[in-house]
Amino acid sequence: MKPRDAGAYFQLGKLCRSQGRRPEAETALKKALELDPQNGGARMELGALYQEQERFPEAAAEFERAITIDGNSGWVHGQLGQIYRRQGRASEAEAALRKAQELDPRNEGVCIELGALFLDQEKFSEAVVEVEKAIALGRDNGWAHCELGKIYRRQGRPSKAEAALRKALEFDPQNICSCIELGAIYLDQCRLSEAAAEYEKAIVLDRDNSWAHCQLGRIYRKQGRSIDAEAVLHKAQDLGPCDDGACMELGALYEDQGRFLEAAVEFQKALAVNPRSSGAHFHLGEIHASSGRRLEAAAEFAKAIAVDPDYTSAHLSLGHSHLRLCRWVEADTEFQRVIALDPCNSGAYVGLWAVYRGQGRSSEAAAALAKAVAIDPNSAYACTELLERLDRDKAVDAQGRSGPAGRGALLAPGMPSDAMAAPTRERVFCLLPWTHLHIRTDGCARPCCMWDGPSMGNAHSSSIDELRNSSDMKTLRSDMMKGRPVAGCWKCYEEERSGFCSMRQRNNIVFERHRGRERLTAPDGTLPRLSVPFLDIRFSNVCNLRCRTCDATLSSSWVGDARALGLSVEGGGVRKSYDDWAALWRQLQPLLEEGIEEIVFAGGEPLIMEEHYQILDFLLARGLTDVRLRYNTNFSALRFQGRDVIGLWSRMHDVKVAASLDGSGRRGEYLRKGLRWDEVVANRAEMLRRCPEV
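Residues numbered from 1 in each chain as written. Predicted model: local features only at pLDDT ≥ 70, side-chain atom pairs only at ≥ 80, totals over all residues. Heavy atoms only, no water.

Draft legend 1. Fine view of the packing of aromatic side chains. One pass over the full model with this rule turns up twelve aromatic pairs. Each ring, one from phenylalanine 282 and one from tyrosine 311, has its centre 5.3 Å from the other, and the planes form 35 degrees; the classification is tilted. Placement of the pair is phenylalanine 282 in helix α17 (residues 278-290) and tyrosine 311 in the loop between α18 (294-307) and α19 (312-324), with a sequence separation of 29 residues. By the burial criterion, phenylalanine 282 is buried, and tyrosine 311 matches it. Seen in terms of ring centroids, tryptophan 585 and phenylalanine 618 are 5.4 Å apart; in terms of plane orientation they differ by 85 degrees. Their pairing is edge-to-face. One end of the pair, tryptophan 585, is in helix α32 (residues 581-593); the other, phenylalanine 618, is in helix α33 (residues 610-621), with 33 residues separating them in the sequence. Here tryptophan 585 and phenylalanine 618 have matching classes, each one buried. Through pairs of rings, three or more aromatic residues link up here, namely Phe539, Tyr578, Trp581, Trp585 and Phe618. One Lys or Arg, arginine 548, reaches over the ring of tyrosine 670 and ends 4.0 Å from the middle of that ring. (Phe/Tyr/Trp six-rings, centres within 6.5 Å; stacked < 30°, edge-to-face > 60°. Helix = DSSP H or I, 4+ residues; strand = E, 2+ residues; numbered from the N terminus. Buried < 20%, exposed > 50% of the residue type's maximum accessible area, 1.4 Å probe, protein only. Lys NZ or Arg CZ within 6 Å of the ring centre and 35° of its normal.)

Encoded structure:
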């Protein structure tokens with residue numbers, strides 16, 4: 001080779017690049033340009049060499065120089081557009097790619113690249129137009145169909161995305177990008193087995209793809225395949241040591257398993273790779289919080305927020321950390337921030353409830369709780385769990401195992417301290433004897449439907465006022481005010497000891513604003529005449545089914561079966577909780593007008609009871625549409641004597657229906673004799689269509 005022959009060095013550089021001998025290729029191409037700076041081919045070849053090595057600034061410089069030599073190469077403009085896109089120079093990228101299209105209108109690669117640029121900017125319509133141009137230019141182009149699938153997925157059109165990606169794989173079964181995108185779609189839809197299959201295919205095609213391994217590990221974790229998940233995620237770490245994704249997933253896996261020290265190590269690794277990982281800071285905060293290290297937890301949540309100021313979960317957890325440290329103002333600020341970011345976040349209102357409760361701001365606490373329950377009726381459970389966590393903190397602090405800042409380890413979740421195990425007043429006190437009236441179908445009055453003790457009077461022989469102040473009811477209140485456990489309440493006590501949220505705990509929260517009633521109660525338990533916020537009167541056993549799990553006391557239709565079994569049945573089988581409806585109705589009307597908040601309708605079957613419809617008509621006529629209605633119904637009848645219950649529900653603000661069904665299809669019909677499953681399905685569909693908020 002002649003030492004001054006630029007062309008020869010150019011050809012040598014091309015040859016070396018094609019053989020993967022990049023250092024020699026670079027040396028030869030630079031020599032060619034030293035001899036002939038206007039050698040456009042050498043400029044393009046050197047630019048392509050730099051591009052392969054992701055040395056984008058150098059590549060861009062060479063392509064720009066090549067354009068000054070010959071500006072009519074569509075390929076060079078296209079490559080320059082690719083580089084600008086990767087550098088985040090969107091406007092310059094679009095200009096370069098448009099120029100490439102102008103010079104070479106049939107270059108489908110430029111169309112695809114332009115589509116990818118628009119996808120980066122979420123200009124979905126323009127992206128689809130460009131990729132469809134590429135498909136029109138080359139109908140067997142798997143790459144174009146893959147890009148189209150990516151666009152549809154980002155648009156939230158999974159069925160069209162799946163079809164496009166399937167088409168891409170028809171043209172090119174080795175297209176790893178299509179497998180990964182298809183796996184992502186299935187993962188988004190929780191079609192975990194199909195997602196795993198696609199990522200497994202991707203790994204077969206490219207065993208060194210760390211992303212595919214990471215996503216497969218994530219799926220295995222969701223499937224509960226912990227051993228497989230751990231192995232695959234370790235492999236992902238080996239393949240991509242500079243990727244924090246595998247560390248995050250492995251940390252989450254260990255966190256799921258309660259291996260908190262190992263989880264913390266993985267999240268620290270993620271931060272070493274990516275110091276701005278808000279998720280890693282958040283998870284470290286959760287680990288500290290679960291171990292009782294409240295100050296450390298707050299610090300990590302604050303770091304997560306510093307990286308991502310709109311990280312709702314981090315604000316919520318930071319609020320809880322401040323709450324556990326009795327930093328009321330700081331907790332209030334964080335919960336308010338959550339509400340600003342997510343107005344329907346019931347957890348933030350639960351947090352505010354706890355803050356205001358701790359500050360003695362009872363009316364504001366009640367308002368916050370009302371908002372939480374309006375968003376999520378299960379907020380009462382969350383309140384109970386939060387109170388128990390705060391109780392554990394106090395117990396640990398009091399015993400000296402942890403100072404005010406929360407040093408040391410908290411008790412394991414759900415493990416009561418000695419202080420908690422003691423039968424204190426708060427552990428037995430229940431608001432229902434002050435706020436509730438429960439009457440069974442036989443007229444027997446009880447403190448609530450969970451009561452497992454003797455009757456406290458009977459509506460057949462006593463008025464509602466007399467039932468509320470019967471000798472047994474007064475004794476019950478007196479015992480609770482003195483902190484004495486009540487034998488008939490053993491079910492709630494047992495649920496609480498087992499770690500569940502009991503009816504006692506839920507209703508103490510829901511009706512907390514009535515807590516002052518105990519101060520109005522005489523020492524012997526006598527209660528002055530007050531409103532009854534919560535009514536549960538089972539007016540009769542009238543029912544249209546003969547469920548195999550029932551009996552004649554709760555279903556009038558059971559009378560024939562009961563007699564066939566040799567059981568005695570009172571009257572004609574219909575049992576009522578009252579003797580005179582007119583007299584009972586005169587007592588109920590003032591209760592409905594004076595502060596009623598919640599009514600339970602059960603039976604029997606409440607949707608075929610005249611009393612139920614009379615109460616609904618009364619509420620609607622007086623504009624009492626905020627009353628919470630709760631139903632236990634077999635859901636077989638939505639119409640009764642020309643009345644349409646869904647039409648009535650649609651005018652109320654808070655209706656919850658608990659369908660009393662033990663099975664579906666033929667099994668359901670067998671268990672609940674007389675039921676037609678197709679009617680239940682049709683009734684549910686009608687309710688969702690006409691009154692979806694129920």
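Draft legend 2. Representation of helix α30 (residues 503-510) within the structure. Summarising burial for α30: six of the eight residues are buried, a large majority. All of the buried residues along α30 are Met503, Arg504, Gln505, Asn507, Asn508 and Ile509.

Draft legend 3. How the structure looks around the nonpolar core. The biggest cluster of nonpolar side chains holds 86 residues, and the ones touching the most others in it are Phe63, Leu148, Ile151, Tyr199, Leu216, Ile219 and Phe267. When residues no more than four places from it in sequence are discounted, the contact partners of leucine 148 are Val128, Val131, Ile135 and Ala164. Listed in part, the 50 residues of the second largest apolar core include Phe539, Trp585, Leu588 and Leu629. (Core = buried A, V, L, I, M, F, W, Y, C linked by side-chain atoms within 4.5 Å. Contact = heavy atoms within 4.5 Å.)

Draft legend 4. Region of the structure containing the packing of helix α13 (residues 210-222) against helix α14 (residues 226-239). Packing of α13 against α14 leaves a shortest axis separation of 8 Å and a crossing angle of 160 degrees. Judged by the inter-axis angle, α13 sits roughly antiparallel to α14. The handedness of the crossing between α13 and α14 comes out as left-handed. In this structure, α13 contributes Ser210, His213, Cys214, Leu216, Gly217, Arg218, Tyr220 and Arg221 to the contact, and α14 contributes Asp228, Ala229, Val232, Leu233, Lys235, Ala236 and Leu239. (Axes fitted to C-alpha atoms, helices over the stretch in contact; angles between N-to-C directions. Parallel < 35°, antiparallel > 145°, perpendicular 65-115°, else oblique. Left-handed = near helix turned anticlockwise from the far one by under 90°.)

Draft legend 5. Examining the sheet that holds strand β9 (residues 655-659) more closely. Overall, mixed pairing links the six strands, which are arranged β2-β1-β3-β5-β6-β9 in an open sheet. Whereas interior strands pair on both sides, the edge strands pair on one side only; in this sheet they are β2 (445-446) and β9. (Pairing = 2+ DSSP bridges.)

Draft legend 6. View of the pairing of strand β3 (residues 534-537). Going residue by residue along β3, you find Phe534 and Asp536 tucked away on one face and Leu535 and Ile537 tucked away on the opposite face as well. Pairing analysis gives four bridges linking strand β1 (residues 436-439) to β3, with the strands arranged parallel. Following the sheet pairing, histidine 438 is matched in β3 by aspartate 536. With three bridges connecting them, β3 and strand β5 (residues 598-601) associate as parallel partners. Across the sheet, residue aspartate 536 finds its bridge partner in β5, namely valine 600.

Draft legend 7. Structural view of the environment of glutamate 262. Mapping glutamate 262 onto the fold places it in helix α16 (residues 260-273). Note: C-alpha distance between glutamate 262 and glycine 251 (eleven residues apart in sequence) is 7.2 Å.

Draft legend 8. Highlighting the pattern of salt bridges. Applying the stated rule across the entire model yields 59 salt bridges. A salt bridge links glutamate 26 to arginine 55; the shortest N-O distance between them is 3.2 Å. Of the two residues, glutamate 26 is situated in helix α2 (residues 22-35) and arginine 55 in the loop between α3 (40-52) and α4 (56-69); the sequence distance between them amounts to 29 residues. Residue class for arginine 55 comes out partly exposed when judged on its relative accessible area of 22%. Across the salt bridge formed by arginine 538 and aspartate 536, the nearest N and O atoms sit 2.7 Å from each other. (Salt bridge = Lys/Arg side-chain N within 4 Å of Asp/Glu carboxyl O.)

Draft legend 9. Just the confidence of the model for the protein chain, in detail. In this model, the protein chain carries an average pLDDT of 88, and 93% of its residues clear a pLDDT of 70 or more. Scored below 50 in pLDDT, residues 401-423 shows 47 contacts in the model against residues more than four places distant or in partner chains. (pLDDT = per-residue confidence, 0-100.)

Draft legend 10. How the structure looks around the packing of α32 against α33. The N-to-C vectors of α32 and α33 enclose an angle of 35 degrees; their axes lie 11 Å apart at closest approach. The hand of the α32/α33 crossing is right-handed. Touching Trp581, Trp585, Gln589, Leu592 and Glu593 of α32 are Glu611, Gln614, Ile615 and Phe618, all from α33. Its residues placed into classes, the contact of α32 with α33 shows five nonpolar, two polar and two charged. (Nonpolar A, V, L, I, M, F, W, Y, C, P; charged D, E, K, R; others polar.)

Draft legend 11. Region of the structure containing unusual backbone geometry. Here glycine 603 and glycine 604 are connected by a cis peptide whose omega angle stands at 10 degrees. Tracing the backbone through its elements, the reader meets glycine 604 in the loop between β5 and α33. Phi is positive for cysteine 190, which is not a glycine, with a value near 60 degrees. Along the chain, cysteine 190 turns up in the loop between α11 (176-188) and α12 (192-205). By relative accessible area, which is 60% here, cysteine 190 ends up exposed.

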